[in-house]
Amino acid sequence: MWLEGFLTAFLPLNLLYLVLGTVVGMVIGALPGLGPLFAVSLMLPLTFGMPPATAIIFLTSVHAATAYGDSFASIVINTPGGVGSVASCCDGYSMAQKGQAVVSMGISTLGSFMGGIIGWISLVVLSPVLIWFALKMGPPEYFMVAVLALSLISLAAGDHVLKGLLLGGAGLLLSFVGRDPITAEARFTFGSLYLEDGIPLASVVLGLFALSQVLVLAGKTGSISQVRGVGKVWEGFRIALRLPATILRAGVVGIAMGVLPALGLSSANVVAYFIEKRFSKHPETFGTGEPRGLLAPEIAKNACIVGDLIPTFTLGIPGSSVTAIFLAAMVVHGIQPGAEFFTGSGSLAYTIFAGILLAQFSFFVMGLLFARQFARVALIPNALLAPMIVVLSFTGSVALRGRLEDVVVTFIFGVIGYLFVVYEYPATCLVLGLVLGNLMEANFQRSLLISGGSYWTFFTRPISLVLFILTVGLLVSPYLKRKAYQ
């Protein structure tokens, strides 16, 4: 079956769409604010006349290449290509400023490739085990996962813990704007129909990290990189290969975030970054051009996008909004997810799995060919680069949902983001609160409805209790270490 699957995947038509999807994905990924959801949605109608295996391979290559391409803008202009590349800005951009733009692109390229391979292995080998674990997760467990992730705010804040907690709380408050996830009642909308859908994460991210960067660049002469050299791709490869523990940790985080529905890209890269910072012996180096701070989110991001496909293929449950589009594509092309996908479709499942693996190699090769060209953006004078970022940011903001109000949100958070830079407030904490707020609230309410209003439900279920203990341990460990050294 595997041999037949790979032979089918290597047919000229499939390889043509594999390469085409990679090119399209990298271009869309490099544009700020769009990301995999936009790319896969845009390409879905083009698959209607394709054979089923070709269609899924094409969408898979678009998905993987867009997630990888997201990092280009994050590294060279401190502007996330999508919500899955927010954490890559922290150290990737700092490396570019030091004249190591190509080195950071090398770390991103190899990290994304390794993350995709780790995700593929989990898809092929570990699907039954991972799905069994995911099915054991209920609302109390998902709530505790969100609480555990929020406890990382103390790490995200660095030396500004109080500021970080303040912004994390502000992010949670912003996540409550819109309709209640259970009752669908509008709250904090002030009569605005636009706010009933909530505050768009992509527009907030573009404002905080892209427009704010424009204001920073406007006050500086020269270019982003203060060093004319941009480094070598192979140097980035060597750095990444010397960090096996980082590769393993980030891979596990990415797979876990992919398998568990509703978490996905927006959480995986940020959580992986702060977990890596938590395990580091020198956390103060993160944010100043630390290679591990770039490698971890890149691995987790691409492991996550493959992990997302596990519940989609095996249970017919989309792991994220992007894989919901994959599910729609499977239905359109007559592919039945679940057990029948593996047992009743001949070699189709193996062809698709082979295509997913080839998609990782495809963007890896493209990255090697074009990393240096993309990295040279860091050498463009700020006077030319700043207007380009403004245009791309506003275009990306309006393109995702087609609403001009999103541009206003981007502008507002651009000003706020600039103030955060000036007064040294960690903007990532705000994003973390906004990303996890809906997940926390919805599962908190569901848990209480199921338990009849009893809060003990969070402590009587084994997995939920373990997650709570891990959260407490994460919060108190810094104080225990401090006392141990006294």
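In case you missed it, the structure is sitting above this.
For the structure given in this document, a descriptive report is provided here. No experiment lies behind these values; they were computed from the predicted model shown.

Here we take up the pattern of salt bridges. Counted according to the given criterion, the structure contains 9 salt bridges. We note a salt bridge from Glu196 to Arg179, for which the minimum N-O separation is 2.8 Å. Here Glu196 is found in the loop between strand 2 (186-187) and helix 11 (201-218), whereas its partner Arg179 is found in strand 1 (residues 178-179), with 17 residues between them in sequence. Assessed through its relative accessible area of 41%, Arg179 is described here as partly exposed. Across the salt bridge formed by Glu276 and Arg249, the nearest N and O atoms sit 2.9 Å from each other. Of the two residues, Glu276 is situated in helix 14 (residues 265-279) and Arg249 in helix 13 (residues 244-259); the sequence distance between them amounts to 27 residues. According to the relative accessible area criterion, Glu276 is buried, its value standing at 1%. Among the charged side chains, a salt-bridge network with shared partners connects Asp180, Arg187 and Glu441.

By secondary structure assignment, the location of Ser88 is in helix 5 (residues 88-97). Reaching out from Ser88, the side chain makes a polar contact with the side chain of Glu298 at a distance of 2.5 Å. Those residues within four positions of Ser88 in sequence are excluded, and the remaining contacts are Ser71, Ser74, Tyr93, Leu294, Pro297 and Glu298.

A few words now on the packing of helix 4 (residues 52-77) against helix 15 (residues 291-307). Axis separation between helix 4 and helix 15 bottoms out at 9 Å; the angle between their running directions is 155 degrees. Taken together, the axes of helix 4 and helix 15 lie roughly antiparallel to each other. The element helix 4 and its partner helix 15 pack so that their crossing is right-handed. Contacts from His63, Ala64, Ala67, Tyr68, Asp70, Ser71 and Ile75 of helix 4 reach helix 15 at Leu294, Glu298, Lys301, Asn302 and Ile305. Among the residues forming the contact of helix 4 with helix 15, the class breakdown is 6 nonpolar, 3 polar and 3 charged.

Thresholds applied
- Residues numbered from 1 in each chain as written.
- Predicted model: local features only at pLDDT ≥ 70, side-chain atom pairs only at ≥ 80, totals over all residues.
- Heavy atoms only, no water.
- Salt bridge = Lys/Arg side-chain N within 4 Å of Asp/Glu carboxyl O.
- Helix = DSSP H or I, 4+ residues; strand = E, 2+ residues; numbered from the N terminus.
- Buried < 20%, exposed > 50% of the residue type's maximum accessible area, 1.4 Å probe, protein only.
- Polar contact = N/O pair within 3.5 Å; in protein donor to acceptor, adjacent residues only side chain to side chain.
- Contact = heavy atoms within 4.5 Å.
- Axes fitted to C-alpha atoms, helices over the stretch in contact; angles between N-to-C directions.
- Parallel < 35°, antiparallel > 145°, perpendicular 65-115°, else oblique.
- Left-handed = near helix turned anticlockwise from the far one by under 90°.
- Nonpolar A, V, L, I, M, F, W, Y, C, P; charged D, E, K, R; others polar.

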